[in-house]
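If you want the building blocks of each chain, they are given just below.
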Amino acid sequence: MENDFRQFRKENKGLAWWLAFFVALVYGGRVVHDNLFLDSEIMVLRPEFMRHVWIGSSRFGLAFTNWLFGMSRLSPYVSGFLAAFFMWVSGMALAFGAYKWCGKSRRYRIFLYLFPALFITCPVFAGQYLFILQAFEISFAIVLCILSVICVGRFVYESEPAWLFASIPCLVWAVSSYQSMAALYVSLVLFSFLLSYMNGQTENAWAQGVKHFAVFFVGMLLYGVFSVVIKSVWKIQSEYVFGLVHWGVEDWRVCLNWIWLELVKVLKAKSVFYSWIYLPAMCFFLFQAMWYGWRKKAPIIQYVCFLLAGGLFLFSPFFITIAMGFMQPVRSQLVYPVTFACFLAHVTVLPEKEAGLKGGKWLAGLLTLISLTALSRNAVATAQLFQTSWEAYRND
């Protein structure tokens with residue numbers, strides 16, 4: 001892993017500064033503006049109360065991270081700074097993961113710059129980090145989730161089971177910090193599988209899928225066991241998370257209608273947090289991936305597994321919505337930034353033969369320009385949303 005990372009840094013020397021620029025642009029205002037809300041004030045004045053709430057909500061990993069980094073009493077500036085820093089780390093980790101999963105293919109050299117930048121600048125994060133209370137802890141959990149997927153990839157794709165001892169603890173820690181990390185983990189695993197398959201890194205798709213499922217099952221089982229034990233020891237219970245689930249509370253047809261409304265809101269960009277270019281980019285990626293996958297001439301069962309993974313990846317932003325039976329809050333939508341970044345960045349990946357032609361170079365340049373335009377709008381929109389929230393808070 002160390003040698004791979006050194007090679008990754010050598011081949012992408014400007015990536016760290018590239019991501020640092022976008023972090024400073026997007027999150028700089030959030031760092032210096034310390035708008036506080038009710039929960040934030042409680043964390044300043046009565047931090048032990050909020051930690052008990054987190055533990056009761058099965059977010060013991062959140063409480064542990066808070067204690068581990070000495071953030072027991074909230075400091076908005078420090079929390080905002082660390083949140084921004086770990087968003088930069090998450091971008092670097094995503095790029096490294098993609099570098100590994102694509103087999104270090106040179107076709108992805110532009111993708112490796114666009115993908116993490118599109119991810120960390122996604123306007124959805126303005127909804128998440130509007131609440132400074134747990135901003136740092138959430139961004140740290142995102143890093144843990146990405147590292148877990150990178151490590152499990154060493155087990156699944158490279159047959160190195162020792163990496164499970166790093167992957168599973170990171171998964172449990174991430175999910176116990178914020179339950180939406182489970183959907184983020186699944187989405188990243190599907191993304192890693194798609195990249196591996198399209199770039200000839202997958203030998204037995206069915207067996208690899210079973211391994212991925214087994215690791216996720218073990219991780220979630222351990223999370224459930226630890227949650228029950230810790231809440232029993234601390235004698236703390238909270239129905240906050242379970243209260244978000246509408247199945248069994250509302251009629252099933254009402255729940256299905258809520259899911260449909262969420263699909264419309266995201267795909268048609270009915271909110272400032274979502275982009276109109278998402279749907280056409282998703283369609284382009286769908287046909288692009290199907291074509292790349294078909295060109296591998298793998299056995300039909302392998303291709304079916306690839307298509308299944310692709311279908312699940314397309315629907316992964318709605319996993320939490322389906323589980324809740326209700327439109328999910330923007331702050332829990334951690335998967336959309338992954339799929340959005342993947343769809344927009346992957347349009348720049350052309351077959352080597354076609355990319356070498358004169359027309360291919362012009363096409364690659366045009367698609368790169370489109371992605372860069374989307375990236376710039378992403379960054380500006382997210383920075384503006386942070387500024388808007390600050391002005392609203394100041395006027396109140």
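Below you will find a few notes about this structure. This structure is a prediction, so every number in the text was calculated from the model and none was measured.

About the cut-offs
- Residues numbered from 1 in each chain as written.
- Predicted model: local features only at pLDDT ≥ 70, side-chain atom pairs only at ≥ 80, totals over all residues.
- Heavy atoms only, no water.
- Core = buried A, V, L, I, M, F, W, Y, C linked by side-chain atoms within 4.5 Å.
- Buried < 20%, exposed > 50% of the residue type's maximum accessible area, 1.4 Å probe, protein only.
- Helix = DSSP H or I, 4+ residues; strand = E, 2+ residues; numbered from the N terminus.
- Contact = heavy atoms within 4.5 Å.
- Phe/Tyr/Trp six-rings, centres within 6.5 Å; stacked < 30°, edge-to-face > 60°.
- Lys NZ or Arg CZ within 6 Å of the ring centre and 35° of its normal.
- 1 Å grid on protein atoms, 1.4 Å probe; cavity = no way out; pocket = protein on both sides within 12 Å on 5 of 7 lines; lining within 4 Å.
- Points joined across faces, edges and corners; volume = space filled by probe spheres on them.
- Nonpolar A, V, L, I, M, F, W, Y, C, P; charged D, E, K, R; others polar.

## Considerations on the nonpolar core
Within the largest apolar cluster, 113 residues are counted, with the highest numbers of intra-cluster contacts made by Ile-142 and Met-181. Take this core: its biggest share by element is 15 residues, from helix H9 (residues 135–156). Among all residues touching Met-181, those that are not within four sequence positions of it are Ile-138, Ala-141, Ile-142, Cys-145, Ala-174, Val-175 and Leu-334. Residues Trp-54, Leu-62, Ala-63 and Leu-133 belong to the second largest nonpolar core, which totals six residues.

## Brief notes about the packing of aromatic side chains
Enumeration according to the criterion identifies 46 aromatic pairs in this entry. For the pair Phe-119 and Phe-125, a centre-to-centre distance of 5.3 Å together with 75° between the ring planes defines the contact as edge-to-face. Phe-119 gets classed as buried once you look at its relative accessible area, which sits at 2%. Classification of Phe-125 as buried rests on a relative accessible area of 0%. Ring-pair connections join several aromatic residues into one group, and the members of that group are Trp-101, Tyr-108, Phe-111, Phe-115, Phe-191, Tyr-274, Tyr-278, Phe-285, Phe-313, Tyr-336, Phe-340 and Phe-343. Stacked on the ring of Tyr-292, the Lys or Arg Arg-107 has its end atom at 5.5 Å from the ring centre. Lying across the ring of Phe-155, Lys-211 places its NZ or CZ 5.4 Å from the centre.

## What about the environment of Phe-313?
Following the sequence through the fold, Phe-313 ends up in helix H15 (residues 300–315). Phe-313 gets classed as buried once you look at its relative accessible area, which sits at 0%. Sequence separation between Phe-313 and Val-186 is 127 residues; the distance between their C-alpha atoms is 8.4 Å. Once you skip the residues sitting within four places of it in the chain, Phe-313 turns out to touch Ser-187, Leu-190, Phe-191, Leu-194, Phe-285, Val-338, Thr-339, Cys-342 and Phe-343.

## Notes on helix H5 (residues 60–68)
Those residues of H5 that fall on the buried side of the exposure criterion are Phe-60, Gly-61, Leu-62, Ala-63, Thr-65 and Asn-66. Just beyond H5, the residue with positive phi is Gly-70, at close to 65°.

## Section: empty space enclosed by the protein
Under the definition given, this model contains two cavities of 30 Å³ or more. Computed from the structure, the largest cavity encloses a volume of approximately 50 Å³. Lining the largest cavity, in full, are Glu-11, Asn-12, Tyr-99, Lys-104, Ser-105, Arg-106, Arg-109 and Leu-112. A class-by-class count of the residues in the lining of the largest cavity yields two nonpolar, two polar and four charged. Size it by volume and the second largest cavity reaches roughly 40 Å³. What lines the second largest cavity is Tyr-27, Arg-30, Gly-80, Ala-83, Ala-84, Tyr-129, Ile-132 and Ala-135. When contributions to the lining of the second largest cavity are tallied by element, the ones reaching two or more residues are helix H2 (15–32) and helix H6 (76–101).

In short, shape yes, function no, at least from these values alone.
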